[in-house]
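What follows is each chain in one-letter form.
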Amino acid sequence: MNLSMISASVTMGQLQRKMDTLSHNMANSNTTGFKRREATFSDLLFQQVNNNTDTRYETGRLTPNGIRVGAGAKIAQTALRMEQGAIMQTGRELDFAIAERDHFFEVESVENGQATSYLTRDGSFYLSEDPQNPNALTIVNAKGDFLLDGGGNRFTLPMNFSEIKLSATGELEAILNDGTTEDLGQLQLIRVLKPHLLEAAGDSGFKIPDLAGLGFAEADVFEQVAGDEGRLIQSSLETSNVNIGQEMTELVNTQRHYQFNARALSMADEMNGLINGIRR
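Remember, predicted model here, so these are calculated numbers, not experimental data.

Participant: Would you take a moment to explain the overall build of the protein chain for this structure?
Facilitator: Counting its regular elements, the protein chain contains 4 helices and 21 strands. In terms of overall dimensions, the protein chain is more spread out than a globule: its C-alpha atoms have a radius of gyration of 27 Å, far above the 19 Å expected for 280 residues. Principal-axis analysis of the C-alpha atoms gives the protein chain an extent of 100 × 35 × 35 Å. Counting over 280 residues, the protein chain shows a buried share of 37%.

Participant: Looking at this structure, I do not really get the sheet that holds strand S15 (residues 181-186). What am I missing?
Facilitator: Whether parallel or antiparallel, the strands of a sheet pair through hydrogen bonds between backbone atoms. Strand order in this open sheet of 3 strands is S13-S14-S15, and the pairing throughout is antiparallel. This sheet does not close on itself; its edge strands, each paired only once, are strand S13 (161-166) and S15. Between one strand and the next, the sheet's axes are offset by a mean angle of 20 degrees, whatever the strand orientation. Pairing geometry for S13 and strand S14 (residues 171-176), over 5 bridges, is antiparallel. For Lys 165, the partnering residue across the bridge sits in S14 and is Glu 173.

Participant: Sorry if this is basic, but what is going on with the packing of aromatic side chains here?
Facilitator: The geometry of an aromatic ring pair comes down to the distance between the two centres and the angle between the two planes. Evaluated as defined, the whole model comprises 2 aromatic pairs. Each ring, one from Phe 104 and one from Phe 206, has its centre 5.9 Å from the other, and the planes form 70 degrees; the classification is edge-to-face. Pair noted here: Phe 104 is in strand S7 (residues 103-111) and Phe 206 is in strand S18 (residues 205-207), with a separation of 102 residues, a long-range link. Residue Phe 206 is classed as buried on the basis of its relative accessible area of 6%. Measuring from centroid to centroid gives 5.3 Å for Phe 105 and Phe 125, while their planes differ by 85 degrees, and the two rings are edge-to-face. On the criterion of sequence distance, the pair formed by Phe 105 in strand S7 and Phe 125 in the loop between strand S8 (114-120) and strand S9 (126-130) is long-range, its members being 20 residues apart. Here Phe 125 falls in the buried class, since its relative accessible area comes to 0%. Above the face of the Phe 146 ring, Arg 154 is positioned so that its terminal group lies 3.8 Å from the ring centre.

Participant: Sorry, what's going on with unusual backbone geometry here?
Facilitator: In most cases, non-glycine residues show a negative phi, while peptide bonds are predominantly trans. At Asn 112, a position not held by glycine, the phi torsion is positive, near 55 degrees. If you check the backbone angles, Ser 204 has positive phi at about 65 degrees while not being a glycine.

Participant: Before we go on, may I ask you to explain the pattern of salt bridges in this structure?
Facilitator: Note on pairing: side chains with opposite charge can pair once their charged atoms come close. Applying the stated criterion across every chain, the model contains 14 salt bridges. Its salt-bridge partner being Glu 238, residue Arg 121 comes within 2.9 Å of it at the nearest N-O pair. Of the two residues, Arg 121 sits in the loop between S8 and S9 while Glu 238 sits in strand S21 (residues 236-238), which places them 117 residues apart along the sequence. By relative accessible area, Arg 121 is classed as buried at 1%. A relative accessible area of 1% places Glu 238 in the buried class. Salt bridges sharing common partners tie together Arg 36, Glu 38, Arg 81, Glu 83 and Glu 247.

Participant: I keep staring at the side chain of Glu 171 and nothing clicks. Help me out?
Facilitator: With respect to the helices, strands and loops of the structure, Glu 171 is situated in strand S14. Here Glu 171 sits buried without a salt bridge, and the closest side chain of opposite charge, Arg 231, lies 12 Å off (N-O distance). Here the side chain of Glu 171 touches Gln 186 through a polar contact of 3.5 Å, landing on its backbone nitrogen. Discounting chain neighbours no more than four positions away, the residues touching Glu 171 are Lys 165, Leu 166, Asp 183, Gly 185 and Gln 186.

Participant: How should I be thinking about the UniProt feature "domain: Flagellar basal-body/hook protein C-terminal" (unreviewed entry) in the protein chain in this particular structure?
Facilitator: UniProt's entry tags residues 234-276 with the feature "domain: Flagellar basal-body/hook protein C-terminal" (unreviewed entry), counted in the numbering of this structure. Helix makes up 77% of residues 234-276 and strand 9%, and the two end C-alpha atoms of the span are 71 Å apart.

Participant: What am I meant to see in the pairing of S8 here?
Facilitator: The two faces of a sheet get side chains in turn, since along a regular strand they alternate between them. The pairing of S7 with S8 spans 7 bridges and is classified as antiparallel. Residue pairing across strands places Val 107 opposite Tyr 118, the latter belonging to S8. Counted along the chain from S7 to the antiparallel partner S8, the turn is 2 residues long, and its residue Asn 112 has a positive phi close to 55 degrees. Relative to S18, S8 runs antiparallel, the two sharing 2 bridges. Each residue of the ladder has a partner; that of Leu 119, found in S18, is Phe 206.

Participant: What exactly am I supposed to notice about the environment of Thr 40 here?
Facilitator: One can find Thr 40 in strand S1 (residues 37-43). Thr 40 gets classed as partly exposed once you look at its relative accessible area, which sits at 27%. Those residues in contact with Thr 40 that lie beyond four places of it in its chain are Lys 74, Ile 75, Ala 76 and Gln 77.

Calculation criteria
Residues numbered from 1 in each chain as written. Predicted model: local features only at pLDDT ≥ 70, side-chain atom pairs only at ≥ 80, totals over all residues. Heavy atoms only, no water. Helix = DSSP H or I, 4+ residues; strand = E, 2+ residues; numbered from the N terminus. Rg over C-alpha atoms; globule rule 2.2 N^0.38 Å. Buried < 20%, exposed > 50% of the residue type's maximum accessible area, 1.4 Å probe, protein only. Pairing = 2+ DSSP bridges. Axes fitted to C-alpha atoms, helices over the stretch in contact; angles between N-to-C directions. Phe/Tyr/Trp six-rings, centres within 6.5 Å; stacked < 30°, edge-to-face > 60°. Lys NZ or Arg CZ within 6 Å of the ring centre and 35° of its normal. Salt bridge = Lys/Arg side-chain N within 4 Å of Asp/Glu carboxyl O. Lys, Arg positive; Asp, Glu negative; His and termini not counted. Polar contact = N/O pair within 3.5 Å; in protein donor to acceptor, adjacent residues only side chain to side chain. Contact = heavy atoms within 4.5 Å. UniProt positions renumbered as here; feature names shortened; annotations may be inferred.

Here is the structure:
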């Protein structure tokens, strides 16, 4: 196959992946706590083509002999961008917006009787009946997964409460109907020091991979911090950090690059047709 056809076809496949990433970002522009991804490219291996074997032209030459032909471009990585999203006030006491980047809620999911935890910046929570105590309530997200406190335990609160407040130190407090206050526990956050290691788990959630297999210790990747008033805002939510105008501009540019490579592929095919016609 013609080298130009190889380069164009390989690059078109990678550009399609970038357009998929941009489309995914725009589709989640209204998803609470969503973090966009950014695709970056790198070139593939080059090969040296020595098309001039006459040594008489080597005298005084300043550039290497022949030409270097590449094989197109590939996506080097799809990086998770952690820029802060806008804060939107909701008025709901169980909505919490994280005001610092690289911080996440820890949520526990139970599947087939096995509990696993994951991270999310979606701070929209609800009350549900505690499966371990029918006379109490627990805090869950829209999927029914449990919000965890500083000790890795689920929050439990009595039925007879009237209000939930977040203290300046990150403690959740329930105001009971009789006016007394009950401490529900520390609302903790997980600060991820290496966000690029996170694995997408769907619904704006992320899982921490096997760190031992990657050669990292837990202390090198994440740490627990208190969800105090400097990091959390009650009755608010963080919107996505997707800029529709920027994503649309990048999508148009990517489509143009795709068209250029498609035209290069068509021109190479036409040249091969001319060559075959001459041979006949």
